[in-house]
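# Observations on the model geometry
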Amino acid sequence: MSDMPESVIAARDGRIGRLTLNRPKTLNALDLGMLRAIAGALDSWRDDPHVHAVVIEGAGGRAFCAGGDIRAIRQLSLDGDREGVETFFAEEYALNQAIAEYTKPYIALVDGICMGGGIGVSVHGGYRVASEHAMFAMPETAIGFFPDIGASYFLPRLPGALGLFLGLTGTRVLGADAVHAGLATHFTPRARLAELVAALAQDGPAALGRFAETLPPSTLDADRPAIEQCFAAGSVADIFTRLERTPGEWASRTLETLRGMSPSALLWSLRIIVEGADRSLGQCLAAELALTRTATSNGEFLEGVRAMVVDKDRQPKWQPPRLEDVDPAVIEAMFHK
Ligand code: QUE
């Protein structure tokens, strides 16, 4: 017996199977054991006649799930453990697919931070309830990686160029805006979530509608024309040019954000998001898995995770540091390994 608390609590509660991501000290970031625990619970509930729906939430009050355990991935990569890296991403993406294909309602309660891998275990389900504390983001270009977990499938399917904007800038989408953007399906205040779970345990997903509040107007709407104007450009260089020519605070703030990202990661992220528009989810996840093989051994990823997660100095030294100095052939080669 171990004294370690379970990192995923799986329990039946009335008519639902409940999953609680339970590593609050790491903002419920997903490690391999957690991925396996979620996958195992979904398997065991698939044919359980007592389970009519699955509800997943995060413990600790701050996060649903901050992402994958990229600190561990970086260490595996530094140790030369390619197989360990492959196992993590292969199992994570298989879980994303299993959630998309799950035959019972899958309901994520997002009350706090939900980034990267956290979006992967929520957005592919049929129901995503966001509270006023929900904060969705795909911030991988900040760590020299790319929007994965099926993001190359769902980002190009968001309205207009919104997905490319969110995937390249890592912009946070809060509360009701997540419903407006299509990342969440329902908006329910934190104060009513416990009551919602009790109602789900009693009535199943039919209860969701009774707890959904009328949405406040989208705060993203004001920026939508500028997002379309700049991010429909088709290349990272053209996005920069258009932002530089766009007056106002939004454009200068967005430029500043993009200038902090790995130029190389912006290039390979734009490419996989654009290509994802014409792929199935399975094809997107396969293309993403292929890209992890080159991306996780790339210096940008090692440096990005070092700066943002390990040392937390937030001063990554990108190589090359300027977009115009990235060799297109190097990016091209990332997609052919
Ligand atoms: C960008 C990211 C991630 C990040 C920070 C970024 C990310 C991720 C984590 C993370 C958070 C908490 C942990 C952990 C990793 O941070 O994807 O191990 O305990 O998973 O700036 O993309």
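For the structure itself, look to the data block above.
Keep in mind that what you see is a predicted model, and the values were worked out from it rather than measured.

### What to know about the packing of helix H11 (residues 236-245) against helix H12 (residues 249-260)
At their nearest, the axes of H11 and H12 sit 8 Å apart, and the two run at 145° to each other. The chirality of how H11 crosses H12 is left-handed. Residues Ile239, Phe240, Leu243 and Glu244 of H11 lie in contact with H12, whose contacting residues are Trp250, Ala251, Thr254, Leu255, Leu258 and Arg259. Counted by class, the contact of H11 with H12 contains seven nonpolar, one polar and two charged residues.

### A look at the pattern of salt bridges
According to the stated counting rule, one finds 22 salt bridges in the structure shown. With its nearest N and O atoms 3.8 Å apart, the salt bridge here joins Arg23 to Asp31. By relative accessible area, Arg23 is classed as partly exposed at 22%.

### A closer look at the site of the ligand
By nearness alone, every residue bordering the ligand is listed as Thr26, Ala29, Ala66, Gly67, Gly68, Asp69, Ile70, Pro139, Glu140, Ile143, Met308 and Val309. A distance of 3.2 Å is found between an oxygen atom of the ligand and a backbone nitrogen or oxygen belonging to Thr26. Here Gly68 contributes a backbone N or O atom positioned 2.7 Å from an oxygen atom of the ligand. Protein chains bury 86% of the 460 Å² of accessible surface belonging to the ligand in isolation. The cavity that encloses the ligand is the largest pocket. Here the residues of the shell around the ligand sort into seven nonpolar, three polar and two charged.

### Concerning empty space enclosed by the protein
Counted by the stated rule, this structure contains one cavity of 30 Å³ or more. Quantified by volume, the largest cavity comes out at close to 40 Å³.

Criteria and cut-off values
Residues numbered from 1 in each chain as written. Predicted model: local features only at pLDDT ≥ 70, side-chain atom pairs only at ≥ 80, totals over all residues. Heavy atoms only, no water. Axes fitted to C-alpha atoms, helices over the stretch in contact; angles between N-to-C directions. Helix = DSSP H or I, 4+ residues; strand = E, 2+ residues; numbered from the N terminus. Left-handed = near helix turned anticlockwise from the far one by under 90°. Contact = heavy atoms within 4.5 Å. Nonpolar A, V, L, I, M, F, W, Y, C, P; charged D, E, K, R; others polar. Salt bridge = Lys/Arg side-chain N within 4 Å of Asp/Glu carboxyl O. Buried < 20%, exposed > 50% of the residue type's maximum accessible area, 1.4 Å probe, protein only. Near = heavy atom within 4 Å. Polar contact = N/O pair within 3.5 Å; in protein donor to acceptor, adjacent residues only side chain to side chain. Areas by Shrake-Rupley, 256 points an atom, 1.4 Å probe, with all protein chains shown as cover. 1 Å grid on protein atoms, 1.4 Å probe; cavity = no way out; pocket = protein on both sides within 12 Å on 5 of 7 lines; lining within 4 Å. Sits in = over half its atoms within 2 Å of the grid points. Points joined across faces, edges and corners; volume = space filled by probe spheres on them.

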